[in-house]
Amino acid sequence: MTSVTVHEAHGGHEAHPDLRVWGLLTFLISESLMFGGFFATYLFFRGTTEVWPPEGTEVELFVPAINTAILLSSSVVIHFGDMAIKRGNVWGMRIWYFLTAIMGAVFLAGQVYEYQNLGYGLTTNVFANCFYIMTGFHGLHVFIGLLLILGVLWRSRRSGHYSATKHTGIEMAEIYWHFVDIIWIVLFTLVYLLNLL
């Protein structure tokens, strides 16, 4: 066995495709199916219940509408960060990702504020149960996305960790954040806007 063969057999640097993004996309598809189950259940109860939402468990639109504007804007902001790193601008990426993290934290604070002022809880009725499970599960995803963004910022402290040609972690955080935003658009439409009709 030659020295080259031994080297390759024991962890040599053979080229292989980077499948991390595909792994993330596969995970997000599975999460989409879970949210799809929540949405289908919500629509089933909405269609089979005479009064929906039941009296006393209505939702307010003001805070969620502000939250929606913040979350959708954050998708644009995080994309600017991705564009910055692709130009080799690490400081620009940090600024845009830091702003995205602030927007995500404000969204979560708005959701907590909404929960504290609704006047009903998880077990009040079927609508309240659906509402808290769907918005809470989405909030958990926002929190995870926030941790990913903070992780990117933390790793960017190391010189050369991210560059114009090395930024997969940044792209993955952006993809995840866009997913969170898309889910919120569907959730906001079902839970808030449809109830205005």
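Everything discussed here concerns the structure shown above.
Below is a summary of the structure that appears in this document. This structure is a prediction, so every number in the text was calculated from the model and none was measured. (Residues numbered from 1 in each chain as written. Predicted model: local features only at pLDDT ≥ 70, side-chain atom pairs only at ≥ 80, totals over all residues. Heavy atoms only, no water.)

A word on the side chain of Thr168
Part 1 of the argument: Tracing the chain through its elements places Thr168 in helix 6 (residues 168-193).
Part 2 of the argument: In contact with Thr168, other than residues within four places in its own chain, are Asp18, Arg20 and Val21. (Helix = DSSP H or I, 4+ residues; strand = E, 2+ residues; numbered from the N terminus. Contact = heavy atoms within 4.5 Å.)

Details of the environment of Tyr120
Part 1 of the argument: Of note, Tyr120 is situated in the loop between helix 4 (90-117) and helix 5 (126-155).
Part 2 of the argument: Leaving out residues up to four positions away in the same chain, Tyr120 has contacts with Gly56, Thr57, Glu58, Val59, Phe127, Ala128 and Tyr132.

Observations concerning the nonpolar core
Part 1 of the argument: Tyr42, Met93, Tyr97, Phe131 and Val191 are the most contacted members of the largest nonpolar core, which totals 45 residues.
Part 2 of the argument: Elements with a contribution of two residues or more to this core: helix 2 (20-48), helix 3 (62-86), helix 4, helix 5 and helix 6.
Part 3 of the argument: A per-element tally of this core places helix 6 first, with 13 residues.
Part 4 of the argument: Beyond its immediate chain neighbours, meaning those up to four positions away, Tyr42 contacts Trp52, Phe127, Cys130, Met134, Leu190, Val191 and Asn195. (Core = buried A, V, L, I, M, F, W, Y, C linked by side-chain atoms within 4.5 Å. Buried < 20%, exposed > 50% of the residue type's maximum accessible area, 1.4 Å probe, protein only.)

Regarding the environment of Leu190
Part 1 of the argument: Locating Leu190 in the fold gives a position in helix 6.
Part 2 of the argument: Its relative accessible area of 10% is what places Leu190 among the buried residues.
Part 3 of the argument: With 147 residues separating them in the primary sequence, Leu190 and Leu43 have C-alpha atoms 8.1 Å apart.

A word on the packing of aromatic side chains
Part 1 of the argument: Scanning all chains against the criterion turns up 22 aromatic pairs.
Part 2 of the argument: Ring centres of Phe35 and Phe38 lie 6.3 Å apart, and the angle between their planes is 85°; on these two criteria the pair is classed as edge-to-face. On the criterion of helical spacing, the pair formed by Phe35 and Phe38 is a turn pair, its members being 3 residues apart in helix 2.
Part 3 of the argument: Look at Phe35 and you get buried, because its relative accessible area is 1%. (Phe/Tyr/Trp six-rings, centres within 6.5 Å; stacked < 30°, edge-to-face > 60°.)

Let's talk about a positive patch on the surface
Part 1 of the argument: A contiguous patch of positive charge, built from Arg155, Arg157, Arg158 and Lys166, is present on the exposed surface.
Part 2 of the argument: Relative to the helices and strands, Lys166 is located in the loop between helix 5 and helix 6.
Part 3 of the argument: With relative accessibility at 46%, the residue Lys166 sits in the partly exposed group. (Patch = residues over 30% accessible without salt bridge, like charges linked within 9 Å, V, L, I, M, F, W, Y side chains within 5 Å. Areas by Shrake-Rupley, 256 points an atom, 1.4 Å probe, with all protein chains shown as cover. Salt bridge = Lys/Arg side-chain N within 4 Å of Asp/Glu carboxyl O. Lys, Arg positive; Asp, Glu negative; His and termini not counted. Charge placed at Lys NZ, Arg CZ, Asp CG, Glu CD.)

Quick word on helix 4
Part 1 of the argument: Between its first and last C-alpha atoms helix 4 spans 41 Å; for 28 residues at 1.5 Å apiece the expected length is 40 Å, and the two agree.
Part 2 of the argument: Its side-chain oxygen 3.4 Å from the backbone nitrogen of Trp91, Asn89 forms the N-cap of helix 4.
Part 3 of the argument: Gly119 sits one or two residues past helix 4 and shows a positive phi near 90°. (Expected span 1.5 Å × (residues − 1). Polar contact = N/O pair within 3.5 Å; in protein donor to acceptor, adjacent residues only side chain to side chain.)

What to know about the side chain of Glu174
Part 1 of the argument: Turning to its location among the elements, Glu174 is positioned in helix 6.
Part 2 of the argument: For Glu174, which is buried and forms no salt bridge, the nearest opposite charge comes from Lys86, at a distance of 5.5 Å.
Part 3 of the argument: Non-local contacts of Glu174, meaning those with residues more than four positions away in its chain, are made with Ile78, His79, Asp82 and Tyr97.

Side note on the packing of helix 4 against helix 6
Geometrically, a packed helix pair is captured by the angle between its two axes and the distance between the axes.
Part 1 of the argument: For the pair helix 4 and helix 6, the least separation of the axes is 13 Å and the interaxial angle reads 30°. With respect to helix 6, the element helix 4 is oriented roughly parallel. The handedness of the crossing between helix 4 and helix 6 is left-handed. On the side of helix 4, the interface is formed by Met93, Tyr97, Thr100, Gly104, Phe107 and Glu114, while helix 6 contributes Ile170, Ala173, Glu174, Trp177, Trp184 and Tyr192.
Part 2 of the argument: A class-by-class count of the residues in the contact of helix 4 with helix 6 yields 8 nonpolar, 2 polar and 2 charged. (Axes fitted to C-alpha atoms, helices over the stretch in contact; angles between N-to-C directions. Parallel < 35°, antiparallel > 145°, perpendicular 65-115°, else oblique. Left-handed = near helix turned anticlockwise from the far one by under 90°. Nonpolar A, V, L, I, M, F, W, Y, C, P; charged D, E, K, R; others polar.)

Examining a nonpolar patch on the surface
Part 1 of the argument: Nonpolar side chains collect at one region of the surface, where Leu140, Phe143, Ile144, Leu147, Leu148 and Leu150 lie side by side and expose about 500 Å² of accessible area between them.
Part 2 of the argument: Of note, Phe143 is situated in helix 5.

Things to note about the packing of helix 3 against helix 6
Part 1 of the argument: Taken N-terminus to C-terminus, the directions of helix 3 and helix 6 make an angle of 160°; their axes are 10 Å apart at the nearest point. Between helix 3 and helix 6, the crossing angle belongs to the class labelled roughly antiparallel. Classified by chirality, the crossing of helix 6 by helix 3 is left-handed. Between helix 3 and helix 6, the residues in contact are Pro64, Ala65, Thr68, Leu71, Leu72, Ser74, Ser75, Ile78, His79, Asp82, Ile85 and Lys86 and Ile170, Glu171, Ala173, Glu174, Trp177, His178, Val180, Asp181, Trp184, Ile185, Phe188 and Tyr192, respectively.
Part 2 of the argument: Within the contact of helix 3 with helix 6, the residues separate by chemical class into 14 nonpolar, 5 polar and 5 charged.

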